[in-house]
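Commentary on secondary and tertiary structure
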Amino acid sequence: MRIHAVHSLYDARLARSTRPFLARGGKVARCKFCMLREHLCICELKPQLESEAAFMLIMYDDEVLKPSNTGRLIADLFPDTFAYIWSRTEPDPAMLEVLADPQWQPYVIFPAEYGEPERVAKEVTLAPGKRPLFILLDGSWAEAKKMFRKSPYLNQFPMLSISPESRSRYQVREAVKDNQLGTAEVAARIVDVFGEQENARILDLWFDVFRESYLAGKLNRPLPEDSAIRQLQQEFQPEMAVE
């Protein structure tokens, strides 16, 4: 199994903890990688894809420790995903180095209403030789707004916004706004805007696999008969599919 940036960040964040992280359901035995209950682990189901898109997850302090986080789903599928803990006063030098790398064209993914009109891009426009680096501020809505306001090193980059046409399918955390999406849902919409519609569809499906499995563990109930796992197996692992 590929160990990605969010797995590594989880280990680093856990190592510097001075006390146990007491998340809701923290005493449950979970897979270290997908963070689901061990009997619901989805790690072996993970599809593989190729993409020109890259992602940077800037995560609010203990967000990477939360089993309900969906940012890791992006890193599961997109090989070029970077992940860092946010700091207001001491931004990670490695993060700043990535942002300054000329191979990337960074876009800050955030609602347009929070940026100056001239900063908001209507589409992904790339200079020759560059690839998009989509920057997601991963935390609660209040935390994301704080990160957006207090990260001056991001001010130089254009913003890209989406207008969700439907409510979030997340159901794991309560949304502050009706049109607020989970991090992985936002990423799927951005990938679609970029033009990789099939990759967007696969990320949406992977999100549904996680969501159903998380809720099954949280509510102590079986997976639905028409589960997203079955659809995923039929598409990517037909030898494992159960009719």
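Residues numbered from 1 in each chain as written. Predicted model: local features only at pLDDT ≥ 70, side-chain atom pairs only at ≥ 80, totals over all residues. Heavy atoms only, no water.

Looking only at helices and strands, one finds seven helices and six strands in the chain. Tracing the chain from N to C terminus, the helices and strands come up as α-β-α-β-α-β-β-β-α-β-α-α-α. When each of the 243 residues of the chain is scored for burial, the buried share is 49%. Contacts in the chain between residues at least 24 apart in sequence constitute 75% of all its contacts with a sequence separation of at least 6. Accessible surface for the chain amounts to roughly 12,800 Å². Of this, 48% is attributable to carbon and sulfur atoms. (Helix = DSSP H or I, 4+ residues; strand = E, 2+ residues; numbered from the N terminus. Buried < 20%, exposed > 50% of the residue type's maximum accessible area, 1.4 Å probe, protein only. Contact = heavy atoms within 4.5 Å. Areas by Shrake-Rupley, 256 points an atom, 1.4 Å probe, with all protein chains shown as cover.)

It is the contact of helix H5 (residues 183–194) with helix H6 (residues 197–219), at a shortest axis distance of 7 Å, that shows an interaxial angle of 165°. Taken as axis vectors, H5 and H6 run roughly antiparallel relative to one another. The way H5 lies across H6 gives a crossing that is left-handed. Of H6, the residues touching H5 (which contributes Ala184, Glu185, Ala187, Ala188, Arg189, Val191 and Asp192) are Gln197, Asn199, Ala200, Leu203, Asp204 and Phe207. Broken down by class, the residue content of the contact of H5 with H6 amounts to seven nonpolar, two polar and four charged. (Axes fitted to C-alpha atoms, helices over the stretch in contact; angles between N-to-C directions. Parallel < 35°, antiparallel > 145°, perpendicular 65-115°, else oblique. Left-handed = near helix turned anticlockwise from the far one by under 90°. Nonpolar A, V, L, I, M, F, W, Y, C, P; charged D, E, K, R; others polar.)

Here we take up the side chain of Arg13. With respect to the helices, strands and loops of the structure, Arg13 is situated in helix H1 (residues 5–15). Classification of Arg13 as buried rests on a relative accessible area of 10%. The contacts of Arg13, once residues within four sequence positions are left out, are Asp61, Asp62, Val64, Leu65 and Ile85.

Let's shift gears to H5. In an α-helix there are 3.6 residues to a turn, and that puts residues three or four apart on one side. With twelve residues, H5 extends 17 Å from end C-alpha to end C-alpha; this agrees with the ideal 16 Å at 1.5 Å per step. Structurally, H5 contributes buried residues whose contacts are with strand S1 (54–59), helix H2 (71–77), strand S3 (104–109), strand S5 (131–138), strand S6 (159–160) and H6. (Expected span 1.5 Å × (residues − 1).)

Given two aromatic rings, their pairing is described by the distance between the two centres and the angle made by the two planes. Within this structure, the stated rule accounts for eleven aromatic pairs. Ring centres 5.7 Å apart and planes at 75° place the aromatic pair Tyr114 and Trp141 in the edge-to-face group. On the criterion of sequence distance, the pair formed by Tyr114 in the loop between S3 and strand S4 (120–121) and Trp141 in helix H4 (residues 141–149) is long-range, its members being 27 residues apart. Taking relative accessible area as the criterion, Trp141 reaches 14% and is therefore assigned buried. Feature note: the residues Phe55, Phe78, Tyr107, Phe134 and Phe194 constitute an aromatic cluster, connected by ring pairs. (Phe/Tyr/Trp six-rings, centres within 6.5 Å; stacked < 30°, edge-to-face > 60°.)

Another aspect to go through is the nonpolar core. Counting 50 residues, the largest nonpolar core has Ile42, Phe55 and Phe134 as the members making the most contacts within it. Considering every element that reaches this core, the biggest residue donor is H6, with nine residues. Ranked by size, the runner-up nonpolar core spans 23 residues in total, among them Met95, Trp104, Val108 and Met147. (Core = buried A, V, L, I, M, F, W, Y, C linked by side-chain atoms within 4.5 Å.)

On to the pairing of S1. Where burial is concerned, most of S1 is hidden: six out of the six residues are buried. Along S1, one buried face is formed by Ala54, Met56 and Ile58 and the opposite face, lined by Phe55, Leu57 and Met59, is buried too. As paired elements, S1 and S5 share six bridges and run parallel to each other. In the sheet register, Ile58 faces S5, and the bridge partner there is Leu137. (Pairing = 2+ DSSP bridges.)

Taken residue by residue, the chain gives an average pLDDT of 89. The fraction at 70 or more is 87%. Between residues 173–178, whose pLDDT stays under 50, and residues either more than four places distant or in other chains, the model counts ten contacts. (pLDDT = per-residue confidence, 0-100.)

This part takes up the state of the cysteines. Counted under the stated rule, the structure contains zero disulfides. The structure places no disulfide on Cys41, whose sulfur is separated from the nearest cysteine sulfur, that of Cys43, by 3.6 Å. According to the relative accessible area criterion, Cys41 is partly exposed, its value standing at 32%. (Disulfide = S-S within 2.5 Å.)

When you line up the elements, Cys31 lands in the loop between H1 and S1. Taking the C-alpha atoms as reference points, Cys31 and Ile42, separated by eleven residues in sequence, lie 9.0 Å from one another. Contacts of Cys31, omitting those with residues within four sequence positions, involve Leu36, Glu38, Cys41 and Cys43.

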